[in-house]
Amino acid sequence: MNVPDQVLERMLVIDDNRPYVEALHRDARRYGITMVHAGSLEEGREIMEQRDGWSLTGVVLDVKCLKERSQQVPDSSFLTAAVRYFSEKAPNLPMVVLTGEPDQFRSLSELYAGTLRIFSKGRDETEMLVFLREEAGKLDYVRVAGAYPEAFATVRSHLGSDAEQELFNCLRDMTSAELTTIKNTLGCLRRLQERIYIALSRADDKLLPSQYVSGEINLVGCYKHLVEKGVVERYRIIDRFAELIYKITSDSGAHSPYADPKYPPTSYTVRAVVFALLDLLLWFGGIMDEIRRHTTR
């Protein structure tokens, strides 16, 4: 199974044996997983608390490892400290322990029975990866991203972690009938549309001059300019959807109306705008890929 990097699930492995981790990483790719490596608990905490730490979908712990990056000898208290940290920081993440010692495997299996899965190095890697993939599949993020892989691949590749989290929030909340959630989701969709045009301008100023996105972004100017340049077909899907996203999010999400509308936005309104944005993302991804091909020639 050859899975593109931008759609692999990201899991954290804390182990000070780099050759072993590199081999595990190669095996994990066949299961749609990319291993993010930390050589100590300190490094693992830093990765977890980075801007994209929220999208990690599992944790693999060596039974004995460094607690601080400055240490030279593995710390026997590493596992207790690591389990405590991740249990508090991310209690929903699947977490497993790897050990290369048969005696440790038996004692740890008894100690963590019913709470933490223990696997044996050199023997159980396939079983462990299957377990992690199945458990990660229960996470909201994995289920949502798995339902819209092209959109998430585009956002990861071209817009970054903050935009990916916003897209996840929009898709997760798009069926909510609660008015505050509806307005928040519409506001989030507006920001994603803005990110698309800012990224286009940064990638190719000739395609979309920076005057449209610097300072306060001129969304109407952005999508009208792209039509006038012939990048977008006038009165076709992307032209219509760009206008729809802008107008509905402006009227019902980004701005407070002078008077309450006779027909307020509903969850169906949100879903209509969400799916319009997904089409806009697919179009945007195609344009960005074309720009990259031209710049790498």
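Residues numbered from 1 in each chain as written. Predicted model: local features only at pLDDT ≥ 70, side-chain atom pairs only at ≥ 80, totals over all residues. Heavy atoms only, no water.

## Remarks on the overall build of the protein chain
Now for step 1: When helices and strands are tallied, the protein chain shows twelve helices and five strands.
Now for step 2: By its C-alpha atoms, the protein chain is 70 × 50 × 35 Å across when sized along the principal axes.
Now for step 3: Counting over 297 residues, the protein chain shows a buried share of 47%.
Now for step 4: Within the protein chain, contacts between residues separated by at least 24 positions form 66% of all contacts whose residues are at least 6 apart in sequence.
Now for step 5: Per element, the accessible surface of the protein chain, about 15,600 Å² overall, is 49% carbon and sulfur. (Helix = DSSP H or I, 4+ residues; strand = E, 2+ residues; numbered from the N terminus. Buried < 20%, exposed > 50% of the residue type's maximum accessible area, 1.4 Å probe, protein only. Contact = heavy atoms within 4.5 Å. Areas by Shrake-Rupley, 256 points an atom, 1.4 Å probe, with all protein chains shown as cover.)

## Things to note about empty space enclosed by the protein
Now for step 1: Evaluation of the coordinates by the stated rule reveals one cavity of 30 Å³ or more.
Now for step 2: Reported here for the largest cavity is a volume of approximately 30 Å³.
Now for step 3: Of all the elements in the fold, those that place two or more residues in the lining of the largest cavity are α10 (219-228), α11 (237-254) and α12 (267-295).
Now for step 4: Looking at the lining of the largest cavity element by element, the count peaks at three residues for α11.
Now for step 5: Per-class residue counts for the lining of the largest cavity are eight nonpolar, no polar and one charged. (1 Å grid on protein atoms, 1.4 Å probe; cavity = no way out; pocket = protein on both sides within 12 Å on 5 of 7 lines; lining within 4 Å. Points joined across faces, edges and corners; volume = space filled by probe spheres on them. Nonpolar A, V, L, I, M, F, W, Y, C, P; charged D, E, K, R; others polar.)

## A word on the layout of surface pockets
It is a probe the size of a water molecule, rolled over the atoms, that shows where empty space is left.
Now for step 1: Taken as a whole, the largest pocket spans an internal volume of roughly 320 Å³.
Now for step 2: Along the walls of the largest pocket sit 13 residues, with Trp54, Leu56, Asn92, Leu93 and Leu139 positioned nearest its centre.
Now for step 3: By residue class, the composition of the lining of the largest pocket is nine nonpolar, three polar and one charged.

## As for the pairing of strand β2 (residues 33-38)
Residues in a regular strand point their side chains to alternate faces of the sheet.
Now for step 1: Where strand β1 (residues 9-14) lies against β2, six bridges are found, and the strand directions are parallel. For methionine 11, the partnering residue across the bridge sits in β2 and is methionine 35.
Now for step 2: The parallel pair β1 and β2 is bridged by helix α1 (residues 18-29), and the resulting crossover is right-handed. (Pairing = 2+ DSSP bridges. Right-handed = clockwise from strand over helix to strand, strands pointing away.)

## Examining the packing of helix α6 (residues 140-147) against helix α7 (residues 149-158)
Now for step 1: Here α6 crosses α7 at 105°, and the two axes come no closer than 5 Å. Here α6 is positioned roughly perpendicular relative to α7, judged by the angle of their axes. Residues Tyr141, Val144, Ala145, Gly146 and Ala147 of α6 form the contact with α7, whose own contacting residues are Pro149, Phe152 and Arg156.
Now for step 2: For the contact of α6 with α7, the class distribution of residues is six nonpolar, one polar and one charged. (Axes fitted to C-alpha atoms, helices over the stretch in contact; angles between N-to-C directions. Parallel < 35°, antiparallel > 145°, perpendicular 65-115°, else oblique.)

## Focus: unusual backbone geometry
Now for step 1: Even without being glycine, tyrosine 235 reaches a positive phi, approximately 65°.
Now for step 2: Following the sequence through the fold, tyrosine 235 ends up in the loop between α10 and α11.

## What about the sheet that holds strand β5 (residues 117-120)?
Now for step 1: Ordered by their spatial adjacency, five strands build an open sheet running β2-β1-β3-β4-β5, and the pairing between neighbours is parallel. Either end of the sheet is taken by a strand with one partner, and the two such strands are β2 and β5. Sheet twist, expressed as the mean angle between neighbouring strand axes with direction ignored, is 30°.

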